[in-house]
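The primary structure of each chain is shown beneath.
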Amino acid sequence: MFGSALLLLMIGVMCSMAVPAKAENIEKATWLWNPWSLVHGSQETLEFLTDKQVTKVYVQIDRELSADVYRSFITDAAELGIDVYALDGAPDWAAPKGYLQLRQLLDWVEQYQKTSSGEAAFKGVHLDVEPYLYSGWNTKRETVIKAYQSLITEASVKTKQLNIHIEADLPFWFDEIKYKNAYGTGLLSDWVQKQTDGITIMAYRDTSDFITSFSLHELAVGEKLSKSVTIGVETGETDEGDYLSFYQEGEAVMDRELDQVYEQVKSYSSFSGFAIHHFDSWKIMHP
């Protein structure tokens, strides 16, 4: 197993340019939303990840899928230097009883970690909740924000007990959302950064200037807090506007724009790398 994994890594290094090409020692991540693809296609997935020099994967947790599938994939990924995080979340997790879904995830991860030592274990939990897509965001925003903060707090406490990292996806405009409740007062993005080990900014635009400008506040806060900040971009087709994704432009343009972003943000100690959303759309992206 190790020999084939090493061969894949060597092929990936020889055949692929990093994103960005000039960067060194930065993470490159992606979201893998369909874990069932790993049942029969884990080798193909690993080949793609090594070819693209990915170092971190957020893998969706489906409790109906055998833990052995995750165990096998994570072990093989570890041999290639790829960290795997347990991914889950939905807008209704910010609903009044949404915390129950979080607890189901954390209970599953806890049981998995107990039976999966060493390289087979998850490195952390990665939450993608997006509470602004929940119906109550426009009618009961203060209540939804507080529920979301409670969710993040509970996840932070539990992952510390499990001795693994906790990360969260944030829209770039959360630094404009204020809160005033039992958790204090301030900007929502700042609060989330304080509670987590790292965030991924969904800076979904297709030009370097916008991607960079959308990330600067979080990078500055992350630097003060000694927290990591990953900059995420979109590759999927969307009906919300072509400017949100690199779907139309292709991978070469994306690489070029991320090179330019890197040059503008590399001085921030909080900058940890880029995340490409998501595996399936990236895989079929035109050059």
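Being a predicted model, the structure only gives us computed values, none of them experimental. (Residues numbered from 1 in each chain as written. Predicted model: local features only at pLDDT ≥ 70, side-chain atom pairs only at ≥ 80, totals over all residues. Heavy atoms only, no water.)

> Looking at this model, I keep getting lost on the packing of aromatic side chains. Mind explaining?
Two numbers describe a pair of aromatic rings. These are the distance of the centres and the angle of the planes. The full count for this structure, using the stated rule, is 21 aromatic pairs. Judged by centre distance (5.3 Å) and plane angle (85°), the ring pair of F48 and W282 falls under edge-to-face. Of the two residues, F48 is situated in helix α2 (residues 38–51) and W282 in helix α9 (residues 279–283); the sequence distance between them amounts to 234 residues. We classify W282 as buried; its relative accessible area is 1%. Aromatic pair F172 and F214: ring centres 3.8 Å apart, planes at 0°, arrangement stacked. In this pair, F172 sits in the loop between β5 (165–171) and β6 (178–181) while F214 sits in helix α7 (residues 208–225), placing the two residues 42 residues apart along the sequence. Comparing F172 with F214 shows no difference in burial state: the two are buried. What links up through ring pairs into an aromatic cluster is the set Y132, W137, Y148, W173 and F174. Positioned above the aromatic ring of Y85 is the side chain of K56, whose terminal nitrogen or guanidinium carbon lies 4.6 Å from the ring centre. (Phe/Tyr/Trp six-rings, centres within 6.5 Å; stacked < 30°, edge-to-face > 60°. Helix = DSSP H or I, 4+ residues; strand = E, 2+ residues; numbered from the N terminus. Buried < 20%, exposed > 50% of the residue type's maximum accessible area, 1.4 Å probe, protein only. Lys NZ or Arg CZ within 6 Å of the ring centre and 35° of its normal.)

> For this particular structure, what's the right way to read the pairing of strand β2 (residues 56–60)?
The side chains of a regular strand alternate, first on one face of the sheet and then on the other. The element β2 is extensively covered by neighbouring structure, given that 5 of its 5 residues are classed as buried. With burial as the criterion, each face of β2 is covered, one bearing K56, Y58 and Q60 and the other bearing V57 and V59. With α2 bridging strand β1 (residues 27–32) and its parallel neighbour β2, the resulting β-α-β unit is right-handed. With 5 bridges connecting them, β2 and strand β3 (residues 83–88) associate as parallel partners. If you follow V59 over to β3, its bridge partner there is A86. Taken together, β2, helix α3 (residues 67–79) and β3 constitute a β-α-β crossover, and its handedness is right-handed. (Right-handed = clockwise from strand over helix to strand, strands pointing away. Pairing = 2+ DSSP bridges.)

> How should I be thinking about a negative patch on the surface in this particular structure?
A surface patch of like charges, here negative, comprises E237, D239, E240 and D242. Its place among the elements puts E237 in the loop between β9 (228–234) and α8 (251–265). (Patch = residues over 30% accessible without salt bridge, like charges linked within 9 Å, V, L, I, M, F, W, Y side chains within 5 Å. Areas by Shrake-Rupley, 256 points an atom, 1.4 Å probe, with all protein chains shown as cover. Salt bridge = Lys/Arg side-chain N within 4 Å of Asp/Glu carboxyl O. Lys, Arg positive; Asp, Glu negative; His and termini not counted. Charge placed at Lys NZ, Arg CZ, Asp CG, Glu CD.)

> Hey, could you run me through the nonpolar core in this one?
Grouped burial of nonpolar side chains is what soluble globular proteins tend to show. Core analysis: the biggest nonpolar cluster contains 83 residues, and L49, Y70, F122, V125, L127, Y148 and I231 have the highest contact counts within it. Sorting elements by how many residues they give to this core places helix α5 (residues 141–162) first, with 7 residues. Aside from chain neighbours lying at most four places away, what touches Y70 is P35, V59, Q60, I61, D62, L65, W108, Y112 and F122. (Core = buried A, V, L, I, M, F, W, Y, C linked by side-chain atoms within 4.5 Å. Contact = heavy atoms within 4.5 Å.)

> Looking at this structure, I do not really get the sheet that holds β9. What am I missing?
Sheet strands pair by backbone hydrogen bonding; their relative direction is either parallel or antiparallel. An order of β1-β2-β3-β4-β5-β8-β9-β10 is seen for the 8 strands of this closed barrel, with the pairing classed as parallel. Each strand of the sheet is rotated relative to its neighbour by a mean of 25°, with strand direction disregarded. Relative to strand β8 (residues 198–202), β5 is paired through 5 bridges, and the arrangement is parallel. Within β8, the position partnered with D169 by the bridge is T200. Sheet strands touched by helix α6 (residues 188–195): β5, β8 and β9. Its angle to β5, the strand with the most contacts, is close to 165°. (Axes fitted to C-alpha atoms, helices over the stretch in contact; angles between N-to-C directions.)

> Please clarify how the pairing of β6 should be interpreted in this entry.
Sheet analysis places β6 next to strand β7 (residues 184–187), joined by 4 bridges and oriented antiparallel. Paired with N181 across the bridge in β7 is G184. Taking the residues between adjacent antiparallel strands as the criterion, β6 and β7 are bridged by 2 residues.

> Help me out: how do you make sense of the packing of α2 against α3 in this one?
For any two helices packed against each other, one specifies the crossing angle of their axes together with the interaxial distance. One way to put it is that α2 packs onto α3 with a least axis distance of 10 Å and a crossing angle of 20°. By the criterion of interaxial angle, the relationship of α2 to α3 is roughly parallel. Seen from above, α2 lies across α3 with right-handed handedness. Contacts between α2 and α3 pair L38, V39, S42, T45, L46 and L49 from the former with V69, F73, D76 and A77 from the latter. Across the contact of α2 with α3, the residue classes break down as 7 nonpolar, 2 polar and 1 charged. (Parallel < 35°, antiparallel > 145°, perpendicular 65-115°, else oblique. Left-handed = near helix turned anticlockwise from the far one by under 90°. Nonpolar A, V, L, I, M, F, W, Y, C, P; charged D, E, K, R; others polar.)

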